[in-house]
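Residue-level listing of the chains:
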Amino acid sequence: MVHSPPLLHIPDGFLSTPVALTGWAIAIVCIGYALVKTRGQLGDRQIPLMGVLAAFIFAAQALNFPVAGGTSGHLLGATLAAIILGPWAAVLIMTSVIALQAVLFQDGGLLALGFNIVNMGVLGALTGHLTYRVTRRMLGERRPGLIVAGALGAWISVELGALATALQLSLSGASPLAIAFPTMAGVHALIGIGEALITVGALVFISGTRPDLLRMGETAPGKRSASWVGVGLAIALALTLLTPFASPDPDGLERVAQDSGFLDAAQDPAYTILPDYTIPFIENPTLTTIVAVATGTLLVFGIAYLVGRINSRKMIT
């Protein structure tokens, strides 16, 4: 059963109101810019892939894996999305995932949602993509270059997101920077290794089965893409069957909050719909987790697809 909030999700109470509102302002600007930047990029092939990637990332984020010291981590996914669809489409994908987690599952605070989007979505996509592209240019287009670039981009995206979170915690008075910075960096350096391994595994699988997805273009045949979308969504739903076996250990941020003594500052959500990834009327702990995560997987697929479709229509009109 999923017990702990996913990697880097900040609950309300950890950030001061001025810092949290600043995060909202930055997030709104970045999301608006992402919508503008992707209007000329999203075609019949990219839009369904937005839904598939959002669904895969959502389902994978429920699969916490154990790392050293009784801490867990899981896929962040921003670098993977950015490599396939570009950084600004990845920002929209990650925003869809993180917003649904906060609104429907009370996973991450609503006031802290702005910086959750910035830390995991914006910073993750931009830094991961930039690192990947620079490394590929240096190492070439063969598979070793793909592996090294994907791993490095994924690891850096997690580490920079953790360092940004540490800075925000310090500015909010939750933890001194001298403590938060090295602690968050150390924990997430290990979690970033898991991120790198999963990202590389996905990239190698894609390069072996659909290498054209790593060379996105506007002229790809829509029918072939549609069949791949079905397979991708099926894979995401299959991952939900593994969620009851996710590690119950606290995630990186929760571990740092425990060790630094500010975990009690976390506020209870103002409302609950599907709290802690459960369905209230399903009592079986295994079934309720699977159904809740599967529901979220399908919903985020639809949200990301709809965002891409509406944005594409704006381009036409």
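Note that the structure is a prediction, hence the values are computed from the model and not measured. (Residues numbered from 1 in each chain as written. Predicted model: local features only at pLDDT ≥ 70, side-chain atom pairs only at ≥ 80, totals over all residues. Heavy atoms only, no water.)

(A) Spatial organisation of the overall build of the chain. When helices and strands are tallied, the chain shows ten helices and two strands. Going from N to C terminus, the chain has its helices and strands arranged as α-α-β-β-α-α-α-α-α-α-α-α. In terms of C-alpha radius of gyration, the chain reaches 18 Å, essentially the compact-globule figure of 20 Å for 317 residues. Counting only C-alpha atoms, the chain reaches 55 × 50 × 40 Å along its principal axes. Considering only intrachain contacts with a sequence separation of at least 6, the fraction spanning at least 24 residues in the chain is 81%. Carbon and sulfur atoms form 69% of the exposed surface of the chain, whose accessible area is close to 12,900 Å². In the chain, the 16 positive side-chain charges and the 16 negative ones have mean positions that sit 22 Å from each other. (Helix = DSSP H or I, 4+ residues; strand = E, 2+ residues; numbered from the N terminus. Rg over C-alpha atoms; globule rule 2.2 N^0.38 Å. Contact = heavy atoms within 4.5 Å. Areas by Shrake-Rupley, 256 points an atom, 1.4 Å probe, with all protein chains shown as cover. Lys, Arg positive; Asp, Glu negative; His and termini not counted. Charge placed at Lys NZ, Arg CZ, Asp CG, Glu CD.)

(B) Fine view of the packing of aromatic side chains. Inspection of every chain in the model, using the stated rule, returns six aromatic pairs. An aromatic cluster is built from Phe58, Phe105 and Tyr277, whose rings are joined through pairwise contacts. (Phe/Tyr/Trp six-rings, centres within 6.5 Å; stacked < 30°, edge-to-face > 60°.)

(C) Summary view of the pattern of salt bridges. Scanning all chains against the criterion turns up one salt bridge. With a shortest N-O distance of 3.2 Å, Glu141 and Arg136 are connected by a salt bridge. Residue Glu141 is classed as exposed on the basis of its relative accessible area of 58%. (Salt bridge = Lys/Arg side-chain N within 4 Å of Asp/Glu carboxyl O. Buried < 20%, exposed > 50% of the residue type's maximum accessible area, 1.4 Å probe, protein only.)

(D) Representation of the nonpolar core. Counting 88 residues, the largest nonpolar core has Leu15, Phe58, Leu85, Ile93 and Phe105 as the members making the most contacts within it. With sequence-adjacent residues up to four places away left out, Leu15 is seen in contact with Ile10, Ala20, Ala112, Phe115, Gln168, Leu169 and Ser172. (Core = buried A, V, L, I, M, F, W, Y, C linked by side-chain atoms within 4.5 Å.)

(E) Just the side chain of Thr240, in detail. Inspection of the secondary structure puts Thr240 in helix α8 (residues 222-240). Residues contacting Thr240, with those up to four places away along its chain left out, are Ala59, Ile290, Val293, Ala294 and Thr297.

(F) Examining the confidence of the model for the chain more closely. Of the residues in the chain, 91% have a pLDDT of 70 or more, and the chain-wide mean is 87. Considering only residues more than four positions removed or in separate chains, one finds that residues 1-6, a stretch of pLDDT under 50, has 28 contacts. In the predicted structure, residues 217-224 sits below a pLDDT of 50 and forms ten contacts with residues beyond four places in sequence or in another chain. (pLDDT = per-residue confidence, 0-100.)

(G) Highlighting the side chain of Thr243. Within the secondary structure, Thr243 sits in the loop between α8 and α9 (252-260). Of the polar contacts made by the side chain of Thr243, one reaches the backbone oxygen of Thr240; its length is 2.6 Å. (Polar contact = N/O pair within 3.5 Å; in protein donor to acceptor, adjacent residues only side chain to side chain.)

(H) How the structure looks around a nonpolar patch on the surface. Taken together, the side chains of Leu130, Val134, Met138, Leu139, Ile147 and Val148 present a nonpolar region at the surface, about 550 Å² in accessible area. Every element with two or more residues in the nonpolar patch is listed here: α5 (113-139) and α6 (143-171). In terms of residue count, the dominant contributor to the nonpolar patch is α5 (four residues). Note that Val148 resides in helix α6. (Patch = residues over 30% accessible without salt bridge, like charges linked within 9 Å, V, L, I, M, F, W, Y side chains within 5 Å.)

(I) Up close: helix α4 (residues 87-105). Given a rise of 1.5 Å per residue, 19 residues ought to cover 27 Å, and the 26 Å separating the end C-alpha atoms of α4 matches this to within 8%. Burial analysis of α4 places 17 of its 19 residues in the buried class, which makes it a mostly covered element. Positioned one or two residues after α4, Gln106 has a phi angle of 55°, which is positive. (Expected span 1.5 Å × (residues − 1).)

(J) Layout of the packing of helix α1 (residues 17-38) against α4. The interhelical angle for the contact between α1 and α4, taken along N-to-C directions, is 130°, at an axis separation of 8 Å. Between α1 and α4, the angle falls in the class oblique. Of the two elements, α1 crosses α4, and the hand of that crossing is left-handed. Between α1 and α4, the contacting residues are Cys30, Ile31, Tyr33, Ala34, Leu35, Lys37 and Thr38 on the first element and Trp88, Ala89, Val91, Leu92 and Thr95 on the second. Among the residues making up the contact of α1 with α4, the classes are represented as nine nonpolar, two polar and one charged. (Axes fitted to C-alpha atoms, helices over the stretch in contact; angles between N-to-C directions. Parallel < 35°, antiparallel > 145°, perpendicular 65-115°, else oblique. Left-handed = near helix turned anticlockwise from the far one by under 90°. Nonpolar A, V, L, I, M, F, W, Y, C, P; charged D, E, K, R; others polar.)

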